[in-house]
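# Structural description and commentary
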Amino acid sequence: MLIKSPSDIKSSEITPESVYRNRRQFIGDALKAGLIAAAPGVMPSMASAAEGDGLRARAPSDMVRSAPAPWWAEKFDNIKPADRNGPFSTNEDLTPYRDVVSFNNFYEFGTDKEDPSRRAQEFKVDPWSIEIAGEVDKPGVYHLEDFLKPHQLEERIYRLRCVERWSMVIPWIGFSLADLIARVGPNSKAKYVAFETLVDPDQMPAQSSRFNVIEWPYREGLRMDEAMHPLTFLAVGVYGNYMPPQNGAPIRLVVPWKYGFKSIKSIVKISFTETEPATSWNMLQANEYGFYANVNPEVHHPRWRQDMETRLPRTLFSAARQDTLMFNGYAEQVSHLYQGMDLARYY
Ligand code: MTE
């Protein structure tokens, strides 16, 4: 992501190489922050953590925060597991929980990958409300509890491909955005859906930083047919448990065929609009970050190629570098949305 002028950026900053050189450091930081209670070597493996309760993927219990509220815990008692051979999942190896929660982009807490896990632990998510606004039958401010009540939570295992060329495979918990949209009833003028993250500089230190690059709130948007696509997901958890603050608690978007920056975190407002909404990275550097941001190995970022990625975590036994797939491997499901569009122009 652009946090320096193009001439300042080193290629090591857009690949995770530096991260893995610093891995020891950030695991150490996570330990200090209480994220990892045991030494990394004795963490349970995901395979063993997955057994037992019908869910395939479970966060190690010693790494999970307690529930924000009892109603929340009840919601998590009844989660429909992912069908690993179905269209909303994958059989690829999961990125270990500890990497999912310690290597993050959440600029409200800082620009380094370990800033969110270090600085977001006191982030308050209860009470939380979400405003529904714009071209919709049922506008209003909804308490998160009422917002979630009608939805059955399910597990989806999606690839997440960041524009910076790293990727993960993450078991999310949540529900489809289309179900929410059906509930609030957009009218015929609604052509786009816009999302905003909380603005609260007391809790999100980078929002008041002098070095801040984003005009807050962080904003994202989708065309209505993208928002209604069955893959588009509102996530409230990972690995069978509550969403950690650094991953966008209490509720975030996940759009697996688009670069990760579309997957906006800690949402407080969802608006239905007639015109294409402004989005944060596009506002900052329009020639580098488009509104569509579909993963596309043929359309390169002006400063780096996009036809490969490093799958995290990189280990001694895995080469980690792999080809990037069109629409992040979801082409069969989503390419019809872009029929006839010049994807080099609408990047
Ligand atoms: N949402 C907000 N509000 N602020 C952010 O900085 N970063 C985005 C996205 N959502 C971001 C955000 C980017 S660049 C990526 S790659 C993903 O979150 C990363 O999600 P993760 O940290 O859970 O892996």
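Here we summarise the structure given alongside this text.

### Thoughts on the site of the ligand
- In the neighbourhood of the ligand, 18 residues make up the surrounding shell, with Tyr107, Glu108, Arg252, Ser263 and Lys265 lying closest.
- Within the side chain of Thr197, an N or O atom sits 2.9 Å from a nitrogen atom of the ligand.
- Asn247 places a side-chain nitrogen or oxygen 3.1 Å from an oxygen atom of the ligand.
- Taken by itself the ligand offers 540 Å² of open surface, and the protein chains cover 100% of this.
- Here the ligand is seated within the largest cavity.

### Here's the deal with the side chain of Asn104
- Of note, Asn104 is situated in the loop between helix H6 (97-100) and helix H7 (115-119).
- According to the relative accessible area criterion, Asn104 is buried, its value standing at 4%.
- Within the local environment of Asn104, its side chain forms a polar contact with the backbone oxygen of Val100, the two atoms lying 3.1 Å apart.
- Once you skip the residues sitting within four places of it in the chain, Asn104 turns out to touch Asp112, Lys113, Pro116, Gln246, Asn247 and Lys265.

### What about the nonpolar core?
- If you look at the biggest cluster of nonpolar residues, it comprises 92 residues, and the most contacted ones within it are Phe147, Ile251, Ile270 and Phe272.
- The dominant element in this core, judged by the number of residues it contributes, is strand E5 (residues 166-176), at seven residues.
- Discounting residues that sit within four places of it in the chain, Ile270 has contacts with Ile130, Glu131, Ile132, Ala133, Phe147, Leu180, Val193, Ala194 and Phe195.

### Concerning the environment of Val213
- Relative to the elements of secondary structure, Val213 occurs in the loop between strand E6 (192-197) and strand E7 (219-223).
- On the accessibility criterion, Val213 (28% relative accessible area) is partly exposed.
- Expressed as a C-alpha distance, the spacing of Val213 and Trp281, which sit 68 residues apart in the sequence, is 9.8 Å.

### Section: the sheet that holds strand E2 (residues 129-134)
- As summarised here, the arrangement of the five strands in space is E3-E2-E11-E6-E7, forming an open sheet in which the pairing is mixed. In this open sheet, the two edge strands, each paired with only one partner strand, are strand E3 (140-143) and E7. Each adjacent strand pair in this sheet contributes to an overall mean axis angle of 20 degrees, direction not counted.
- Together, E2, E6, E7 and strand E11 (267-273) form the strand contacts of helix H9 (residues 177-184), whose direction differs from that of E11 by roughly 65 degrees.

### Some remarks on unusual backbone geometry
- The omega torsion across Asp126 and Pro127 is 5 degrees, close enough to zero to call that bond cis.
- Mapped onto the elements, Pro127 comes out in the loop between H7 and E2.
- A cis amide bond, omega 0 degrees, links Trp216 with the succeeding residue Pro217.
- Within the secondary structure, Pro217 sits in the loop between E6 and E7.

### Let's talk about the packing of aromatic side chains
- Per the stated rule, a full pass over the model turns up 18 aromatic pairs.
- Ring centres 5.5 Å apart and planes at 85 degrees place the aromatic pair Tyr97 and Tyr239 in the edge-to-face group. A residue pair is termed long-range when its members are at least 10 positions apart, and Tyr97 in helix H6 and Tyr239 in the loop between strand E8 (233-238) and strand E9 (241-242) qualify at 142 residues. Across this residue pair, the class does not change: Tyr97 and Tyr239 are buried.

The rules we used
- Residues numbered from 1 in each chain as written.
- Predicted model: local features only at pLDDT ≥ 70, side-chain atom pairs only at ≥ 80, totals over all residues.
- Heavy atoms only, no water.
- Near = heavy atom within 4 Å.
- Polar contact = N/O pair within 3.5 Å; in protein donor to acceptor, adjacent residues only side chain to side chain.
- Areas by Shrake-Rupley, 256 points an atom, 1.4 Å probe, with all protein chains shown as cover.
- 1 Å grid on protein atoms, 1.4 Å probe; cavity = no way out; pocket = protein on both sides within 12 Å on 5 of 7 lines; lining within 4 Å.
- Sits in = over half its atoms within 2 Å of the grid points.
- Helix = DSSP H or I, 4+ residues; strand = E, 2+ residues; numbered from the N terminus.
- Buried < 20%, exposed > 50% of the residue type's maximum accessible area, 1.4 Å probe, protein only.
- Contact = heavy atoms within 4.5 Å.
- Core = buried A, V, L, I, M, F, W, Y, C linked by side-chain atoms within 4.5 Å.
- Pairing = 2+ DSSP bridges.
- Axes fitted to C-alpha atoms, helices over the stretch in contact; angles between N-to-C directions.
- Phe/Tyr/Trp six-rings, centres within 6.5 Å; stacked < 30°, edge-to-face > 60°.

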